[in-house]
2 protein chains.
Amino acid sequence: MEKNNLDMLEVLGKKAVTAKFKLQVLTEEEKNKALLCAAQGLLDDREEILEANARDMRAGRENGMQEGLLDRLKLDADRIGAMAEGLRQVADLPDPVGKELEAWERPNGLHLKKISVPLGVIGIIYESRPNVTADAFALCFKAGNAVILKGGSDAIHSNGAITASLRKSLKKTGVIEDAVQLIGATDREITTAFMKCKNYIDVLIPRGSAGLIRAAVENSTIPIIETGTGNCHIYIDESASVTDSVNIVINAKTQRIGVCNACESLVIHEKIAGVFLSTLAQKIKQVHEVEIRGDEKVCEMLSDAVPATEEDYGREYLDYILSAVTVKNIDEAIAHINRYSTHHSDAIITENRENARKFSKEIDSACVYVNASTRFTDGFEFGFGAEIGISTQKLHARGPMGLPELTTYKYVIEGDGQIR
Amino acid sequence: MEKNNLDMLEVLGKKAVTAKFKLQVLTEEEKNKALLCAAQGLLDDREEILEANARDMRAGRENGMQEGLLDRLKLDADRIGAMAEGLRQVADLPDPVGKELEAWERPNGLHLKKISVPLGVIGIIYESRPNVTADAFALCFKAGNAVILKGGSDAIHSNGAITASLRKSLKKTGVIEDAVQLIGATDREITTAFMKCKNYIDVLIPRGSAGLIRAAVENSTIPIIETGTGNCHIYIDESASVTDSVNIVINAKTQRIGVCNACESLVIHEKIAGVFLSTLAQKIKQVHEVEIRGDEKVCEMLSDAVPATEEDYGREYLDYILSAVTVKNIDEAIAHINRYSTHHSDAIITENRENARKFSKEIDSACVYVNASTRFTDGFEFGFGAEIGISTQKLHARGPMGLPELTTYKYVIEGDGQIR
């Protein structure tokens with residue numbers, strides 16, 4: 001990689017560290033004022049942002065970008081308005097910093113307090129959608145963190161214009177501009193180098209494709225929070241309500257196919273499989289054609305089903321496809337799910353309390369549902385008011401991450417001369 | 001590396017995963033029964049353990065191992081008794097698993113519960129001390145986790161005998177033996193391969209030298225918790241009590257020099273430097289000779305002091321050496337500490353409340369002390385009743401880690417057919 005780029009990362013890193021020490025002492029009022037100013041700023045800078053976005057769109061079309069991706073990339077007055085509204089909503093959320101989480105006294109008279117504090121500098125690597133630039137800044141900033149963003153090369157001009165607008169507003173309200181910085185380079189090597197800036201960055205959050213997450217797992221020396229991959233299961237228990245099961249599966253599969261909390265795989269008790277599958281097959285096609293890849297029994301019961309391979313059970317299709325397997329009992333269901341799940345969200349549909357309890361306890365996933373759609377795994381649906389991503393790892397945060405998950409804690413210990 | 005070793009890790013990994021699903025459903029009673037049985041087992045197997053330890057000691061002497069390290073390696077009846085007592089103490093601690101951390105209801109009728117659950121499979125890499133084998137097992141087990149241990153090659157026979165004893169006791173109480181497994185190979189390559197067993201291990205905790213931690217940061221694909229390195233500072237504020245300052249510094253520097261919470265660096269307000277340094281110099285030598293490496297002013301005031309280099313300020317000496325720097329005000333002190341600290345434990349000695357508050361807020365370390373020794377950063381001193389290590393990173397856990405830090409959480413969401 002060019003030495004210039006390495007130097008650039010070094011400079012961004014140092015500026016972010018300077019910024020983090022200033023941000024950690026801001027009051028809630030100061031942060032909210034800056035967020036509201038930034039919201040207005042995005043509206044005021046609409047022309048510049050749309051112009052930059054038009055450049056990205058032109059380049060995208062020239063490079064033969066797919067329609068779906070072009071739509072994700074596109075900004076218009078409404079979408080800029082939504083970004084600004086997002087900043088205002090974050091201003092409305094309670095400040096997660098400076099909370100006394102615990103406090104106690106030791107027999108030797110030491111007073112201990114556990115207090116929530118910002119993580120420090122957060123690195124975020126994300127793909128095309130330019131609105132993430134404003135969202136990620138707002139959440140990191142409200143939690144008192146400096147953020148360094150590395151967006152997709154397709155959106156480089158849009159992200160640049162949004163970041164410039166945010167920085168202008170920060171300056172206007174007397175907040176250090178380097179609270180948000182964007183990596184301007186677009187080559188792939190810089191992403192790998194960014195993942196190794198451990199001296200400056202406290203936490204790295206990769207948001208995007210499975211390939212990006214894997215690259216971060218393999219290359220990052222910074223602690224990361226893995227997000228997103230969801231091979232979500234729904235288990236239809238022997239005692240399930242067929243109506244509920246069918247409704248929930250249709251919702252979880254078809255309401256939005258490209259999201260991580262969509263259902264990808266069915267696990268069906270063999271005693272209910274016949275009636276459930278025939279009802280599902282009939283109803284789901286009224287919404288959308290869905291291919292079912294099943295085991296032998298599923299294929300026997302459903303003439304349209306395609307035989308599943310072993311590989312199917314582990315896949316996140318993000319498409320109108322469902323894998324389906326039958327089981328003899330709940331233990332088999334739990335074993336199958338624990339084996340193939342990405343530990344994001346899995347559901348049981350059952351009228352049997354004991355089975356609901358067992359499933360909730362034994363499924364090793366961030367979110368375990370009883371009689372509800374996996375689509376609810378979402379910061380807003382959980383009532384967090386915001387979401388920076390959905391963690392599929394076990395350290396630090398699991399499931400939807402809101403503002404408190406962008407903080408850590410410190411212990412403050414007060415004494416009057418105690419020694420050991 | 002030999003294919004045999006890779007296969008072996010694969011086998012251990014799979015067994016641990018099988019074990020974790022069995023351990024997560026154990027009751028507190030079952031776990032405590034197994035821990036008490038394991039404590040008695042260690043006493044019953046004393047002969048075998050001492051014999052194995054004698055082999056390690058012989059090999060150590062033949063390889064010219066230092067006296068200090070030989071002492072760390074050595075087991076005797078008392079030390080085995082202490083290990084057994086350690087297991088009993090963990091049995092006495094409250095079960096951290098299955099706690100309802102939060103619960104709420106959404107307007108759509110979904111009930112959400114956030115519940116503490118085991119991490120799953122924990123990998124621990126540690127160096128010579130064989131008692132860690134029993135301690136680490138006990139803590140991981142009580143928190144419902146399976147553990148795979150990789151001890152130092154110097155202690156391989158001792159660790160093997162202790163693990164065999166623990167597994168025998170588990171079997172006796174009907175608990176899956178693979179709750180604890182020890183990697184038998186001793187080559188270095190296996191440690192690196194172990195750090196990449198992401199398919200089986202949820203969290204890796206390296207405990208030991210700075211070199212080991214660095215290797216884990218660079219090579220591990222498993223999320224790690226960094227532990228241990230402590231370049232701890234004490235800042236002597238203008239208003240500090242000289243008596244308290246001197247007592248605390250002497251305690252923090254000399255009570256035990258080889259530990260991560262020992263003081264390594266002094267930051268001294270220039271107005272108090274003269275009287276503080278002369279008192280310290282006079283008193284500390286009554287305990288032990290300590291070399292002071294200071295800036296220009298310190299060297300002027302203290303004829304014995306040696307000029308410090310830039311590198312000195314970043315060092316964890318683990319020896320009778322202190323670096324010392326003078327500052328004009330508390331802002332300079334905070335900036336110096338935030339720059340050179342390993343973010344473990346840093347202290348201010350002051351009679352000024354405002355400065356105490358400012359220091360507590362602005363120092364970016366896991367533990368920030370006001371008028372007390374940094375030596376209190378310890379799970380037992382904090383009242384946790386146990387400690388698996390001291391985290392110096394910001395994700396998941398910071399500072400001393402007890403049983404709750406060996407758990408994560410899951411969300412259990414109960415509905416009655418809700419869809420989005």
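Residues numbered from 1 in each chain as written. Chains lettered and ligands numbered in written order. Predicted model: local features only at pLDDT ≥ 70, side-chain atom pairs only at ≥ 80, totals over all residues. Heavy atoms only, no water.

With that settled, the discussion passes to the confidence of the model for chain A. A low pLDDT means the predicted coordinates there should not be read in detail. Averaged over chain A, the pLDDT score is 95; the fraction of residues at 70 or greater is 100%. Confidence metrics for the complex model read pTM 0.94 and ipTM 0.95. (pLDDT = per-residue confidence, 0-100.)

Another aspect to go through is the packing of aromatic side chains. For the coordinates displayed, the defined rule picks out 20 aromatic pairs over all chains. Their ring planes at 85 degrees and their centres at 5.1 Å tell us that Phe382 of chain A and Tyr411 of chain B sit as a pair that is edge-to-face. Of this pair, Phe382 of chain A sits in the loop between strand 13 (367-372) and strand 14 (389-391) while Tyr411 of chain B sits in strand 16 (residues 407-418), placing the two residues on different chains. An aromatic cluster is present here, built from Trp104, Tyr409 and Tyr411 of chain A together with Phe382 and Phe384 of chain B joined pairwise through their rings. It is Lys114 of chain A that lies over the ring of Tyr409 of chain A; its NZ or CZ is 4.2 Å from the centre. (Phe/Tyr/Trp six-rings, centres within 6.5 Å; stacked < 30°, edge-to-face > 60°. Helix = DSSP H or I, 4+ residues; strand = E, 2+ residues; numbered from the N terminus. Lys NZ or Arg CZ within 6 Å of the ring centre and 35° of its normal.)

Strand order across the open sheet formed by 10 strands is 1(A)-2(A)-16(A)-13(B)-12(B)-7(B)-8(B)-11(B)-9(B)-10(B), with mixed pairing between neighbours. A strand with exactly one partner marks an edge of an open sheet, and here the two such strands are strand 1 (100-105) of chain A together with strand 10 (306-307) of chain B. The sheet contact formed by strand 8 (residues 263-269) of chain B and strand 11 (residues 321-327) of chain B spans five bridges and is parallel. Considered in strand 11 of chain B, the bridge of Ser265 of chain B is made with Ser323 of chain B. (Pairing = 2+ DSSP bridges.)

If you rotate chain B by 180 degrees and push it 0.0 Å along the axis, it lands on chain A with an RMSD of 0.0 Å. Classification of the inter-copy transformation places it as that of a two-fold axis. In terms of proximity to the rotation axis, the leading residue of chain B is His396 of chain B, whose C-alpha is 1.7 Å off the axis. A share of 100% of interface residues in chain B that are also interface residues in chain A marks the association as one of identical surfaces. (Least-squares fit on C-alpha atoms with pLDDT ≥ 70 in both. Contact = heavy atoms within 4.5 Å.)

Residue and element names in this part refer to chain A. Among the six residues that make up strand 13, six are buried, leaving the element largely enclosed by the rest of the structure. Bridge count for strand 12 (residues 345-349) against strand 13 is four bridges, and the pairing is parallel. From the neighbouring strand, Ala347 faces strand 13, where its bridge partner is Tyr369. Handedness of the β-α-β unit built from strand 12, helix 15 (residues 353-362) and strand 13 comes out right-handed. (Buried < 20%, exposed > 50% of the residue type's maximum accessible area, 1.4 Å probe, protein only. Right-handed = clockwise from strand over helix to strand, strands pointing away.)

Taken as a whole and assessed by the stated rule, the structure comprises 48 salt bridges over all chains. For the salt bridge of Glu362 of chain B with Lys358 of chain B, the shortest nitrogen-to-oxygen distance reads 3.3 Å. Note that Glu362 of chain B and Lys358 of chain B are positioned in helix 14 (residues 353-362) at a spacing of four residues, about one turn of the helix. By relative accessible area, which is 18% here, Lys358 of chain B ends up buried. One network of salt bridges, in which partners are shared, links Lys20 and Asp202 of chain A together with Asp364, Lys394 and Arg398 of chain B. (Salt bridge = Lys/Arg side-chain N within 4 Å of Asp/Glu carboxyl O.)

A few words now on the environment of Ser360 of chain A. Residue and element names in this part refer to chain A. Within the element layout of this structure, Ser360 appears in helix 15. The buried category is assigned to Ser360, whose relative accessible area is 9%. A polar atom in the side chain of Ser360 sits 2.7 Å from the backbone oxygen of Ala356. (Polar contact = N/O pair within 3.5 Å; in protein donor to acceptor, adjacent residues only side chain to side chain.)

All names here are of chain A. Two elements in contact, helix 2 (residues 28-44) and helix 7 (residues 156-172), have axes separated by 8 Å at closest approach and are oriented at 135 degrees. In terms of orientation, helix 2 lies oblique with respect to helix 7. The two elements helix 2 and helix 7 cross, and the hand of that crossing is right-handed. For the pair helix 2 and helix 7, the contacting residues are Ala34, Cys37, Ala38, Gly41 and Leu42 in the first and Ile162, Ser165, Leu166, Ser169, Leu170 and Lys172 in the second. Residue composition of the contact of helix 2 with helix 7, by class: seven nonpolar, three polar and one charged. (Axes fitted to C-alpha atoms, helices over the stretch in contact; angles between N-to-C directions. Parallel < 35°, antiparallel > 145°, perpendicular 65-115°, else oblique. Left-handed = near helix turned anticlockwise from the far one by under 90°. Nonpolar A, V, L, I, M, F, W, Y, C, P; charged D, E, K, R; others polar.)

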